[in-house]
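So you can see what is in the structure, the chains are spelled out below.
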Amino acid sequence: MKRIEKPTLSFWQIWNMSFGFLGIQFGFALQNSNASRILQTFGADVEHLSLFWLAAPITGMIIQPIIGHYSDRTWTKLGRRRPYFLVGALFAAFALIIMPNAHLLAYLLPPIMIGAGMLMIMDASFNVAMEPFRALVADNLPDKQRSLGFSIQTFLIGTGAVLGSWLPYLMSEYFGVSKIAAPGEIPDNVIFSFYVGAATLVATLLWTVFTTKEYTPEELHHYDPVNIEIENEKKGILSIFTDFSNMPKAMKQLGLVQFFSWFALFSMWVFSTPAIAQHVYKLMPDDTSSSTYADAANWVGILFGIYNGVSAIYALCLPRIAKLTSRKITHAFSLVIGGIGLLSIYFIEDPNLLILSMIGVGLAWGSILAMPYAILSSSIPARKMGVYMGIFNFFITLPQIINGFFGGIIVKEIFGGQAIFALVMAGVLMIAAAISVLYVQDEENSMKSPIAKITD
C-alpha cells in the first residue's frame, strides 16, 4: 500500500511538541551537577559516589526498552506518548523536591539512604519521560521536517541544561541566597534551585501535553498503512528480545564507540566536583562544607552549563560539517577535542581556564547527542522507533554500570583517592572512542536528522 506524507507543521507546533524537553533537561542538569555534592554532604565517600550513580544507568537499561515498546502500542485519550512523559514528569518533580531535603527525614532513614532513593526515583522518572519524546517527533512530522524537529529538540535540551546547571550559582551570586549550610545539610541555593527545577519540569511538560496533538491509530494507518499492519503482528513484551537480536548492524558496531564515550562521560559527571575541589581549589578530600567547597561546587555547575550551551550551538552545525567531511570524521573530530578538554583539566590551576576545557567537552557532547543516531537513522524501522531507541540505550547504560561498580575502586586503589585522575582517564577513553568510530560501517553518506539523547 502506498505511503501518504503527513501534513507539514508550523515552527511553533514543532516548538510546542518539544518544549517539555527543556524542563526534563533542566531537572536532569540539576541532578548531574549537584547529586555528587548532595551525597557527599550526607556522608558519602568519594570512592563510593559512582555506586550511588548506578541508579541512572540501571533504571535506564531496564525502563527505556520497556517504555519504548509500550509507547509504540499505547493509545489513550491523551495520545500515544504523552501519558508516559506526563507521569514521568510528576514523579521526577517529587524527587527533585525531596532529595535536597533528605536530612529533614532523618527520623525515618539516614539522609544518605533517602538521598540515594530519591536519585533512583528521579532517574527512573526521567527515563520514563524522555524515551517517548524521542519517538514523538518521528510520529508527528513528515520526513522533510524531521531535521528541523530534532534541531529544535537539541536546542531546547541545551537551553534547559544550561539553566539547570547555572541556577545554584545564580541563586547565590545574584539573588543573595546562602551557598553554605551546617555540616550534613544542603545550602539554600541548591534547595531552592531544585524547587524551581521541579516547577519548570511540570510546567513545560504540561505545555507540551495540552498544545500537542497526536495522531490516532486510524490516522497513522492512513499515513503509513504498511508499517501499522506489520506493527500489529506481534505485541508481546517478549518481542523486545526478538528486536534486540535483530538490531541493525550499525548499532552493533557503534557499541564500542558508545562504551568508551559513556564511560568517560560518567566519570566526568561523578568526579568533576571532588576533582576540581581537590586539584584546582586545593581542598582536602573531607572538606564538603566550607565556603571554598561551595565555590568549587557552584563553579562546576557553571562549567556544566557551558559545555551544554556549546553542545546546543554545535549540534546545529553538525549537518554542515558532516556534509563537508563525513559523519564518522565529524564524530571522531568532536570526540578528540572533548578528550583533549578533559585531559587539560589536570594542567589547569586557574578555575576560569576550565571554561576552555568545557568548550572542548561541549563539542564532544553535542556530537554524542546527534551523530550516533544520525548514523543509525537509515537502518531503524520507523514502526519500531520507540523500542529501538530504548534498545540502543543499552550501549549507553552498560558502560555507566561498569563504571559505577569499578570507578570508585579505581579512584581509591589505583589513583590514591585523587579524583582528578578519573577525569584524565575519561579524556583518554574519549580519544579511544574517536579512533573506534572510524571503523564503524556507515552506509549512508548524506547527513540524516540527528536524534537528541541525556545520560543515563
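What counts and what doesn't
Residues numbered from 1 in each chain as written. Predicted model: local features only at pLDDT ≥ 70, side-chain atom pairs only at ≥ 80, totals over all residues. Heavy atoms only, no water. Helix = DSSP H or I, 4+ residues; strand = E, 2+ residues; numbered from the N terminus. Buried < 20%, exposed > 50% of the residue type's maximum accessible area, 1.4 Å probe, protein only. Contact = heavy atoms within 4.5 Å. Areas by Shrake-Rupley, 256 points an atom, 1.4 Å probe, with all protein chains shown as cover. Phe/Tyr/Trp six-rings, centres within 6.5 Å; stacked < 30°, edge-to-face > 60°. Salt bridge = Lys/Arg side-chain N within 4 Å of Asp/Glu carboxyl O. Patch = residues over 30% accessible without salt bridge, like charges linked within 9 Å, V, L, I, M, F, W, Y side chains within 5 Å. Expected span 1.5 Å × (residues − 1). Axes fitted to C-alpha atoms, helices over the stretch in contact; angles between N-to-C directions. Parallel < 35°, antiparallel > 145°, perpendicular 65-115°, else oblique. Nonpolar A, V, L, I, M, F, W, Y, C, P; charged D, E, K, R; others polar. Left-handed = near helix turned anticlockwise from the far one by under 90°. pLDDT = per-residue confidence, 0-100. Polar contact = N/O pair within 3.5 Å; in protein donor to acceptor, adjacent residues only side chain to side chain.

J.: Go over the overall build of the protein chain, please, and point to the residues and values.
T.: A tally of helices and strands in the protein chain yields 18 helices and zero strands. Buried positions account for 62% of the 456 residues belonging to the protein chain. Within the protein chain, counting contacts between residues at least 6 apart in sequence, those at least 24 apart form 85% of the total. A total accessible area of about 17200 Å² is found for the protein chain, and carbon and sulfur atoms account for 68% of it.

J.: Break down the packing of aromatic side chains for me, citing the residues and quoting the values.
T.: Under the counting rule described, the total for this entry stands at 19 aromatic pairs. For the ring pair tyrosine 346 and phenylalanine 421, a centre distance of 5.6 Å and an interplane angle of 40° mean the geometry is tilted. Taken together, the residues tyrosine 346 in the loop between α14 (327–344) and α15 (354–376) and phenylalanine 421 in helix α18 (residues 420–437) connect sequence positions 75 residues apart. Their ring planes at 40° and their centres at 5.8 Å tell us that phenylalanine 415 and phenylalanine 421 sit as a pair that is tilted. Taking the relative accessible area as the measure of exposure, phenylalanine 415 reaches 19% and is therefore buried. Exposure remark for phenylalanine 421: the relative accessible area of 31% places this residue in the partly exposed category. Each residue in the set Phe11, Trp12, Trp15, Phe19, Phe155 and Trp207 is aromatic and connected to the rest through ring pairs, giving one cluster.

J.: Could you give me a rundown of the side chain of threonine 200, with the residues and numbers involved?
T.: Positionally, threonine 200 belongs in helix α8 (residues 188–211). Once residues lying within four places of it in the same chain are set aside, the contact partners of threonine 200 are Leu22, Gly23 and Phe26.

J.: Lay out the pattern of salt bridges in plain terms, naming residues and giving numbers.
T.: Under the counting rule described, the total for this entry stands at three salt bridges. Two residues, lysine 179 and glutamate 173, come together in a salt bridge whose shortest N-O distance is 3.5 Å. The shortest N-O distance in the salt bridge between aspartate 295 and lysine 179 comes to 2.5 Å. Of this pair, aspartate 295 sits in helix α13 (residues 291–324) while lysine 179 sits in the loop between α7 (146–174) and α8, and the two are 116 residues apart along the sequence. When salt bridges that share partners are traced, they join Glu173, Lys179 and Asp295 into one network.

J.: I'd like a rundown of a nonpolar patch on the surface, residues and numbers included.
T.: Nonpolar side chains collect at one region of the surface, where Leu51, Leu398, Ile402, Phe405, Phe406 and Ile409 lie side by side and expose about 520 Å² of accessible area between them. Its place among the elements puts phenylalanine 405 in helix α17 (residues 394–414).

J.: Mind laying out α18, listing which residues take part and the relevant values?
T.: Look at α18: 26 Å from first C-alpha to last across 18 residues, which is about the 26 Å you get at 1.5 Å a residue. Taken together, the buried residues of α18 touch α12 (249–279), α14, α15 and α17.

J.: Account for the environment of glutamine 253, with residues named and values stated.
T.: Relative to the assigned elements, glutamine 253 resides in helix α12. Classification of glutamine 253 as partly exposed rests on a relative accessible area of 26%. Measuring from C-alpha to C-alpha, the distance between glutamine 253 and aspartate 442 comes to 9.6 Å, with 189 residues separating the pair along the chain. In contact with glutamine 253, not counting residues within four places along its chain, are Val440 and Gln441.

J.: Would you mind going over α14 in detail, with residue names and values included?
T.: Across its 18 residues, α14 extends 26 Å between first and last C-alpha, which sits within 8% of the 26 Å expected from 1.5 Å per residue. Of the residues making up α14, those classed as buried are Arg327, Thr330, His331, Ala332, Ser334, Leu335, Gly338, Gly339, Gly341 and Leu342. Here the buried face of α14 lies against α12, α13, α15 and α18.

J.: Can you break down the packing of helix α5 (residues 82–98) against α8 residue by residue, with the values?
T.: Interhelical geometry of α5 versus α8 gives an angle of 170° and a closest axis separation of 8 Å. Taken together, α5 and α8 sit at an angle that is classed as roughly antiparallel. Contact with α5, carried on its side by Arg82, Phe85, Leu86, Ala89, Leu90, Ala92, Ala93, Leu96 and Ile97, involves Phe194, Tyr195, Gly197, Ala198, Leu201, Val202, Leu205, Leu206, Thr208 and Val209 of α8 and no other residues of that element. Across the contact of α5 with α8, the residue classes break down as 16 nonpolar, two polar and one charged.

J.: I'd like a description of unusual backbone geometry, backed by residues and values.
T.: Positive phi outside glycine occurs at lysine 282, with the angle close to 60°. In this structure, lysine 282 sits in the loop between α12 and α13. A relative accessible area of 57% places lysine 282 in the exposed class.

J.: Tell me about the packing of α12 against α18, and name the residues and values.
T.: Between α12 and α18, the least distance of the axes is 7 Å, while the angle of their chain directions is 160°. Judged by the angle between their axes, α12 and α18 are roughly antiparallel. Helix-helix and strand crossings are classified by hand; for α12 and α18 the assignment is left-handed. Taken together, the residues of the contact of α12 with α18 sort by class into 19 nonpolar, five polar and no charged.

J.: Report on the confidence of the model for the protein chain, specifying residues and quantitative values.
T.: Low pLDDT means the predicted coordinates in that region are not meant to be read closely. In this model, the protein chain carries an average pLDDT of 81, and 85% of its residues clear a pLDDT of 70 or more. Averaged pLDDT values for the elements of the protein chain fall to 49 in helix α10 (residues 225–231) and rise to 96 in α18. Every residue in residues 228–233 is under pLDDT 50, and counting partners more than four places away or in other chains gives nine contacts.

J.: Would you mind going over the side chain of serine 165 in detail, with residue names and values included?
T.: With respect to the helices, strands and loops of the structure, serine 165 is situated in helix α7. Relative accessible area serves as the criterion here: at 2%, serine 165 is assigned to the buried category. Only 2.8 Å separates the side chain of serine 165 from the backbone oxygen of alanine 161, close enough to count as a polar contact. Leaving out residues up to four positions away in the same chain, serine 165 has contacts with Ala29, Ser33, Gly301, Ile302, Phe304, Gly305 and Asn308.

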